[in-house]
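Below, each chain spelled out in residue letters.
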Amino acid sequence: MRPITLGMVGSGDISNRFFEQAAKLEGVCFAATCAKHLDNAKRKADKYNVPKAYDDYKQMMDEEKLDAVIVTTPHSVHAEVVLAALERGLHVLNEKPMATSYEDCLRMVEAAERSGALLMSLPYDWNPAFITALRYVGEETIGKLTGAEVQLNIPGPPRDNWYYDKSVSHGGAILDCMVYPISRLIGLLGPARSVMAEVNTLIPKRIVGGGKTVLSDVDDNATAIVEFAGGQHAVVRTLWGTSFNQNNTIVYGRKGTVALNDGGFPLVVHSPAAPIPDAEPVVWRGAKDCYAPKLEQVESTDKDIMSHFIHCLRSGQPPKQSARQQLHVHEIMFGAYRSAETGCRYELTTTFEPYHQAIRPSQFDTKSDFI
């Protein structure tokens, strides 16, 4: 098994999971950490027994013999670090969002394609509920697609830092949270064709963790309508203003419905036409003919972000959620900003080939026959 040597750029809490996941993998090690402030990089290196620490990511990339770089910096720094790594032929695992502008996202994808290096950008949706849902979103179970609802609502980030400062973050709830439901939506249904949105700052004077106060100028209230090939609408919602977290996905079909993370069940299928084999009958939202299928087990190479990334490096296979797929996700987000600014529909220019074939083009055709 080929050894893999990594460098970490970023020293915040989000970096911890990558160190911890990598520690469970055979033949994977971090050679160096890097942060804007050297003391922070040294503290992270000490915590995870990493040999070297840097405050210059280019120096780290040039001096260390790395296979790949993990990027967990604040959002606005992603693009410059990712591009520097790709220019050196290094593979990259990049935290969400991909970047803070569509132009930078496109530059990153094109740089990866030129260099031949792997670019894996988060979110990573390949979990048991998601992959099991792929079995049921097809026409055999839910019929023709008629729409969807996806959302991620939270009280808001608890920290009084750059999250609420647009000059640093370049965006708020859309870049930080809406990326998750859009990624799930596109992962399940494939490419969309347009987006319309309303986006604003609902709570400019916030009380955050520990009772601290913060002035916010980032978007914290966003609703988008994503349109698909047959005219189907998916309502996408993100709000930094709820009293509890809400994170779910519902795909509607003419004869059935698939719901992820809703009503206490990881996955529910409403199938009034026929029972779902080997699934537990449940009541969901007061509806009968609902079933909770047994979730498929994720392969060991896909069990978490680092397992999948390292498997792709060793096998030469692209991520299941390709760079082009995540570029499409991000164009929807930046298209939502543009739509809110102009009051016009934003026509998407990107597309991708889904890793799976759960949805066929004919499933979007609701007009040719009586249904």
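Before reading further, recall that the structure is shown in the block above.
Everything quoted here is computed from the prediction, not taken from an experiment. Throughout this document, residue positions are counted from 1 along each chain, in the order its sequence is written. For this predicted model, a pLDDT threshold of at least 70 governs which residues receive local features, and a threshold of 80 or more governs which side-chain atom pairs are given and counted, while totals over whole chains, interfaces and linings are taken from all residues. To obtain the side-chain values, all non-hydrogen atoms of the structure were included, while hydrogens and water were left out.

(A) Summary view of the overall build of the protein. Helix and strand definitions follow DSSP, with helices as H or I runs of at least four residues and strands as E runs of at least two, each counted in order from the N terminus. Within the protein, the regular secondary structure consists of 11 helices and 18 strands. If you line up the protein on its principal axes, its C-alpha atoms span 65 × 50 × 40 Å. The buried label applies to any residue whose accessible area, calculated with a 1.4 Å probe on protein chains only, is under 20% of its type's maximum; exposed applies above 50%, and partly exposed to all values in between. Looking at the protein as a whole, 56% of its 371 residues are labelled buried. Note on definitions: a residue-residue contact is assigned when non-hydrogen atoms from the two residues lie within 4.5 Å. Residue pairs in contact within the protein that sit at least 24 positions apart in sequence constitute 69% of those at least 6 positions apart. Each accessible area is a Shrake-Rupley result for a 1.4 Å probe, and residues are judged covered by the shown protein chains and nothing else. When the accessible surface of the protein is summed, it comes to about 16,700 Å², and 50% of that surface belongs to carbon and sulfur atoms. Working convention for charge: Lys and Arg count positive, Asp and Glu count negative, and His plus the chain ends are omitted. Where a charge lies is defined by one atom per residue type, namely NZ (Lys), CZ (Arg), CG (Asp) and CD (Glu). In the protein, 38 positive and 44 negative side-chain charges are present, and the distance between their average locations comes to 2 Å.

(B) Layout of the packing of aromatic side chains. Geometry of aromatic contacts follows a simple scheme: Phe, Tyr and Trp rings, the Trp one being its six-membered ring, pair when their centres are within 6.5 Å, and the pair is stacked under 30 degrees between planes, edge-to-face over 60, tilted otherwise. Inspection of every chain in the model, using the stated rule, returns 8 aromatic pairs. Look at F19 and F30: their rings are 4.5 Å apart centre to centre, the planes differ by 50 degrees, and that puts the pair in the tilted class. Of the two residues, F19 sits in helix α1 (residues 16-23) while F30 sits in strand β2 (residues 28-34), which places them 11 residues apart along the sequence. Take F19 and F30: they sit in the same class, and that class is buried.

(C) Quick peek at the pattern of salt bridges. Salt bridges are defined as contacts in which a side-chain nitrogen from Lys or Arg sits within 4 Å of a carboxyl oxygen from Asp or Glu. A full pass over the atoms with the stated rule returns 16 salt bridges. Where salt bridges share partners, they join R193, E227 and R345 into one cluster.

(D) Spatial organisation of the environment of E227. Examined against the element boundaries, E227 turns out to sit in strand β11 (residues 221-227). Taking C-alpha positions, E227 is 28 Å from G264, a pair spaced 37 residues apart along the chain. Here E227 is in contact with A192, R193, S194, Q232, H233 and R345, once residues within four sequence places are set aside.

(E) Up close: the environment of Y136. Along the chain, Y136 falls in the loop between α6 (128-133) and α7 (139-142). C-alpha of Y136 to C-alpha of P293: the two residues are 157 residues apart in sequence and 9.7 Å apart in space.

(F) Expanded view of unusual backbone geometry. Omega for the peptide link from K96 to P97 comes to -15 degrees, which places this bond in the cis form. Topologically, P97 is positioned in the loop between β5 (91-94) and α5 (102-115). Following L122, the chain continues into P123 via a peptide bond in cis, with omega recorded as 15 degrees. Checked against the element boundaries, P123 lands in the loop between β6 (119-121) and α6. Positioned with a positive phi, R285 is a non-glycine residue whose angle comes to about 55 degrees. Mapped onto the elements of the fold, R285 is located in the loop between β16 (279-284) and β17 (287-293). Residue R285 is classed as exposed on the basis of its relative accessible area of 53%.

(G) Broad picture of the pairing of strand β8 (residues 194-200). In the sheet, β8 pairs with β11 via 7 bridges, with the strands oriented antiparallel. Paired with S194 across the two strands is E227, which belongs to β11. Note on pairing: DSSP must find at least two bridges between two strands before they are called paired. Here β8 runs beside strand β18 (residues 346-347); their pairing, made up of 2 bridges, is antiparallel. By the bridge assignment for β18, V195 is matched with Y346.

(H) Structural view of the packing of α5 against helix α11 (residues 323-342). Where α5 contacts α11, the two axes come as close as 9 Å, and the packing angle between them is 170 degrees. In terms of axis orientation, α5 runs roughly antiparallel to α11. On the side of α5, the interface is formed by Y102, C105, L106, V109, E110 and E113, while α11 contributes A323, R324, L327, H330, E331 and F334. Between N-to-C directions, angles cover 0 to 180 degrees, with each direction set by a line fitted to C-alpha atoms, over the stretch in contact for helices. By the definition adopted for this analysis, an angle is roughly parallel if under 35 degrees, roughly antiparallel if over 145, roughly perpendicular if from 65 to 115, and oblique otherwise.

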